[in-house]
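# Reading the structure
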Amino acid sequence: MSKVLIVGAGALGQVFGAWLAAAGARVSYLVRPGREDWEGASLYRLRWGRAPVGERIVPYEVSSEPPRERWDMVWLCVDSPALRGEWTSALREVTGTATVVTIGQDPGDLHTLARVWPQEQIVQVTPMLLAYQAPLEREVPGPGVAYWVPPGSATGVTGARAPQVVAALRAGGVRARRVTRAGTGELTAARMIPYIAELESSGWRLPASSTGLRRAAAAVREAAGVVSAQHGLRASLSVPSWAVGLALRVLPWLLPFDLRRYLETHFTKVSAQTRLMLDGWIAEGAARSLPVGRLSALRDSLPA
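Our subject in this report is the structure included herewith. Just so it is clear, the model here is predicted, and its values are computed rather than measured.

Cut-offs applied
Residues numbered from 1 in each chain as written. Predicted model: local features only at pLDDT ≥ 70, side-chain atom pairs only at ≥ 80, totals over all residues. Heavy atoms only, no water. Buried < 20%, exposed > 50% of the residue type's maximum accessible area, 1.4 Å probe, protein only. Helix = DSSP H or I, 4+ residues; strand = E, 2+ residues; numbered from the N terminus. Pairing = 2+ DSSP bridges. Right-handed = clockwise from strand over helix to strand, strands pointing away. Salt bridge = Lys/Arg side-chain N within 4 Å of Asp/Glu carboxyl O. Polar contact = N/O pair within 3.5 Å; in protein donor to acceptor, adjacent residues only side chain to side chain. Contact = heavy atoms within 4.5 Å. Patch = residues over 30% accessible without salt bridge, like charges linked within 9 Å, V, L, I, M, F, W, Y side chains within 5 Å. Areas by Shrake-Rupley, 256 points an atom, 1.4 Å probe, with all protein chains shown as cover. Axes fitted to C-alpha atoms, helices over the stretch in contact; angles between N-to-C directions.

### Digging into the pairing of strand β2 (residues 26–30)
Across the five residues of β2, five count as buried, placing the element largely inside the fold. Of the two faces of β2, the one holding Arg-26, Ser-28 and Leu-30 and the one holding Val-27 and Tyr-29 are both buried throughout. In the sheet, strand β1 (residues 3–7) pairs with β2 via five bridges, with the strands oriented parallel. Of the residues in β2, the one forming a bridge with Lys-3 is Arg-26. In the classification by handedness, the crossover that spans β1, the intervening helix α1 (residues 11–22) and the parallel β2 is right-handed. Note: β2 against strand β5 (residues 62–63), two bridges, orientation parallel. Residue Leu-30 lies in a different strand from β5, and its bridge partner there is Ser-63.

Rendered as structure tokens:
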């Protein structure tokens, strides 16, 4: 039986923990001080037009201090600003040769982690799901974590040890695939986060204004250009702003949860990560003499 330590018992940490437990892993959690008595939670997989599928994550062990034992995998299910904390050095002392999995997509995450762990131990996962503390309204029968996996999507996994992580996720019933080109996750974030920042700037108003969407689309092109230059990727066409606007009009009718409330609740909680990502693209773009004026204007429009 493989042993997995998950750092962070937030929504994504709980969902990934449940998937890995379904694959037969012994899943323990490292949590903030004061949460040592956490005994698990109910999870609800949302489905359109049908009742949610309920399950439960029950951790093998919960601790606020890095447990000293041999781990097969350590999943860092925390936001990007948290990865900059000094706690990673203490965790490094007890993880040994374990595969370190990060779900962060900030351009500086991998560089930050590579100062703590050897590069060959680090695997980056691009989550293809939305997860949140429920209920937002009445979409689930009780408190817990609700999550929705877009039909046909597959979780991307990058790194030298990607096959191990892909195999574990697939054994837990998750569609996962290895991505060999570095920067794919960061490029996905570059195409999304400027739109999130624009929605925050406008007070999470849906449907979003066409003017705001055009501003965000221009920032997306700059962010994608920075990531492409960083990783030697070919610049690809961005989704036009009118298509994003159409999606934001249609999706609230198609999703099995309140999209506006989800966006506001989740991305307000991780607003520091949004700002960190924008700042990273701006700094990297400026260092490479790439245009970042739209990104800078969008960053300045956000509340302090």
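### Looking at the pattern of salt bridges
For the coordinates displayed, the defined rule picks out eleven salt bridges. The salt bridge partner of Lys-3 is Glu-69, with a shortest N-O separation of 3.0 Å. Of the two residues, Lys-3 sits in strand β1 while Glu-69 sits in the loop between β5 and β6 (73–76), which places them 66 residues apart along the sequence. Where Glu-284 meets Arg-288, a salt bridge forms, and the shortest distance between an N and an O atom there is 2.6 Å. Judged by its relative accessible area of 37%, Arg-288 falls in the partly exposed class. Via salt bridges that share partners, Lys-3, Arg-26 and Glu-69 belong to a single interconnected network.

### Some remarks on the side chain of Thr-126
Take Thr-126: it is sitting in strand β8 (residues 122–126). Using a relative accessible area of 13% as the deciding quantity, one classes Thr-126 as buried. Engagement of the side chain of Thr-126 in a polar contact is seen with the side chain of Gln-105, the distance being 3.5 Å. Beyond its immediate chain neighbours, meaning those up to four positions away, Thr-126 contacts Gln-105, Thr-155, Gly-156 and Gly-185.

### Topic: a nonpolar patch on the surface
Residues Trp-242, Leu-246, Val-250, Leu-251, Trp-253 and Leu-254 make up a contiguous nonpolar surface patch of about 690 Å² in total accessible area. Within the element layout of this structure, Trp-253 appears in helix α8 (residues 241–254).

### Section: the sheet that holds strand β9 (residues 130–134)
Pairing in this open sheet of four strands is mixed, and the strands run β4-β3-β10-β9 from one edge to the other. The open sheet has two free edges, formed respectively by β4 (50–57) and β9, since each of these has just one partner strand. Recorded for the sheet is a direction-independent mean angle of 25° between the axes of neighbouring strands. As defined by bridge partners, strand β3 (residues 41–47) adjoins strand β10 (residues 144–148) across three bridges and the pair is classed as parallel. Bridged to Tyr-44 within β10 is Ala-146. Contacts between α1 and the sheet are confined to β3, β4, β9 and β10, with β9 contributing the most and set at about 110° to the helix.

### Remarks on unusual backbone geometry
Cis geometry marks the peptide bond from Ala-134 to Pro-135; its omega dihedral reads 0°. Position of Pro-135 relative to the elements: it lies in the loop between β9 and β10. Residue Pro-207 is bonded to the preceding Leu-206 through a cis peptide linkage, with omega at 0°. Its place among the elements puts Pro-207 in the loop between α6 (184–201) and α7 (210–231). Even without glycine at this site, Trp-204 takes up a positive phi of about 60°. Within the fold, Trp-204 resides in the loop between α6 and α7. Residue class for Trp-204 comes out buried when judged on its relative accessible area of 6%. One non-glycine residue, Ser-289, lies in the positive phi region at around 60°. Note that Ser-289 resides in the loop between α10 (271–287) and α11 (293–300).

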